[in-house]
Amino acid sequence: METLLEFSNISKSYSGITVLKDMNMKLSEGEILCLVGENGAGKSTMIKILSGAIAPDHGEISLFGKKYTRLLPRQAIELGVATIYQEIDLVDNLTVADNIFLGEEIKNSLGVVDYKKQEEITEKLLTEINLHKIRPGELLSNLSTAQKQSIQIVKALKHDCKILILDEPTSSLGEEETNALLELVKSLSKKGIGIIYISHYLDEIFRIGTKVLVLKDGNKVSEYQVADTSEEMLIHDMIGRDASSFYQREHFPLGESKLRIEHFNRDTVVKDVSFELTSGEIFGLGGLVGAGRTELVRMIYGCDKNRTGKVLLDGKNITPHSPKDAIKKGIYMISEDRKALGLFLTRSVKENITITYNEQRQIIPLGKESRQVDNAIDSMQIKVHSQNQEVGKLSGGNQQKVIIARCLQEKGRVYIFDEPTKGVDVGAKEEIYRHMLEIAKDGNFVIMVSSSMPELISMSDRIGVMREGELVDIVNSSEATEDMLLKKFIGIE
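What comes next is a walk through the structure. (Residues numbered from 1 in each chain as written. Predicted model: local features only at pLDDT ≥ 70, side-chain atom pairs only at ≥ 80, totals over all residues. Heavy atoms only, no water.)

Below, the discussion takes up the side chain of serine 199. Mapped onto the secondary structure, serine 199 falls in the loop between strand S8 (194-198) and helix H7 (202-208). Looking at serine 199, the relative accessible area reads 2%, which means it is buried. Here the side chain of serine 199 touches glutamate 204 through a polar contact of 3.1 Å, side chain to side chain. (Helix = DSSP H or I, 4+ residues; strand = E, 2+ residues; numbered from the N terminus. Buried < 20%, exposed > 50% of the residue type's maximum accessible area, 1.4 Å probe, protein only. Polar contact = N/O pair within 3.5 Å; in protein donor to acceptor, adjacent residues only side chain to side chain.)

Spelled out as structure tokens, the structure:
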């Protein structure tokens, strides 16, 4: 078989943190290469480099016999590389044909869109991959999620794609829809298209895969022909890690206060989730990408619409209606996306630390404010030239500590940490862990969402397992292992 793609020693780092190291990989014509690994293993970085979204720091990409040091997005598409992410990137109020040709409309000599021609080509593309039930003139909003995923594939085929990248394509599909999509993927490989398939569902790997590549911490751990491996072997390779990488936390007696999270629902994303915490407890929430963890905590914090859920503190209803209301009620959240949702990047460290504290006051004593910020910087060990330094110029770990410092300016009761150490170095991680423990030790309630199994096991008292929007299990961290958690996340008994 002809080799379509080869990565030679591809590496990528962000702020000194290596996310992909000396990656070597080959994809041949008609092959389905499956990428597996924990969240943060480097899978997304690989496909972003191939699709041209980011440039590698060094290494070489060989694509259809030509060598490149990097690709650009338009260049990758024109060469025949199509990437389909799990989020559907289509417009519901346009027809199927309109979506296929969006931005590349066929026009007649008068410059008017030739809708008939577009529908004829769309019909041909749909027929080629046996999607007879979908009509070119049908509104996209009438289609199922699986059919919309198929339309994204059709759009890729219009560009004569030779390599198709599918990132968690079945994460929001039911069993029947998943089966149909997997059959479509297999039929495309038989046409000679090389496919890179990313999924946390290992059973899918064994149903359609030719070859499987296991990543961990940015490194290629192993590579197998799918016929020569097993789920147990893949899980072992995905989590094989020295116990020294676990953070050793202090444990202390819990209090008597209770926080009850009751009946949170949001369509199919969060399904009737309830659990209870004891004061002083760190409750971890784990699961695969798309399991509903972030959506749940955003509802608890009042960010997203909540119709049924309640937050009860010792029986008293403190359910927030907005983030501002949450802060008034002593509920704070450190968001996963600190740059977009947690910080005013062009404003000073001082303003970012005091923003919520000052918002509730008509008169701000400047001397006291300055001393407060100095104390926060010292306590959190934030590396900064001065209070007035622009927060966007700090490292990721120091930015995260600024947000935590903001949340500690007034006494709260509930602290939600969504991926608290994402993108920070080891030293900053330990500082963040220390402050989380201090918050819990003061008798507060801590909910921590994390994609890192060592972090969940080492920092949590108990771990709630989310899968497809449901809280399917709660395990004591003292009894948890990475192997156990991964099986629960995936749904392997």
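Read on, since the account is not over.
On to helix H14 (residues 396-407), then. Each full turn of the α-helix corresponds to 3.6 residues, which orients residues three or four apart in the same direction. An ideal rise of 1.5 Å per residue puts 16 Å on 12 residues; H14 measures up with 17 Å between its terminal C-alpha atoms. With 12 of 12 residues buried, H14 is to be regarded as a mostly interior element. When we look at burial in H14, the residues that qualify are Gly396, Gly397, Asn398, Gln399, Gln400, Lys401, Val402, Ile403, Ile404, Ala405, Arg406 and Cys407. (Expected span 1.5 Å × (residues − 1).)

Enumeration according to the criterion identifies 24 salt bridges in this entry. In this structure, arginine 74 and glutamate 104 form a salt bridge, with 3.7 Å as the shortest nitrogen-oxygen distance. In this pair, arginine 74 is assigned in helix H2 (residues 73-79) and glutamate 104 in the loop between helix H3 (96-100) and helix H4 (115-128), connecting sequence segments 30 residues apart. A single salt-bridge network, built from bridges that share partners, covers Glu31, Lys211, Lys220 and Glu223. (Salt bridge = Lys/Arg side-chain N within 4 Å of Asp/Glu carboxyl O.)

Moving on, we come to the environment of threonine 170. Within the element layout of this structure, threonine 170 appears in the loop between strand S7 (163-167) and helix H6 (175-190). Residues threonine 170 and isoleucine 198, 28 residues apart in the sequence, show an inter-C-alpha distance of 9.9 Å. If sequence neighbours within four positions are ignored, threonine 170 has contacts with Thr178, Leu181, Tyr197, Tyr201 and Glu204. (Contact = heavy atoms within 4.5 Å.)

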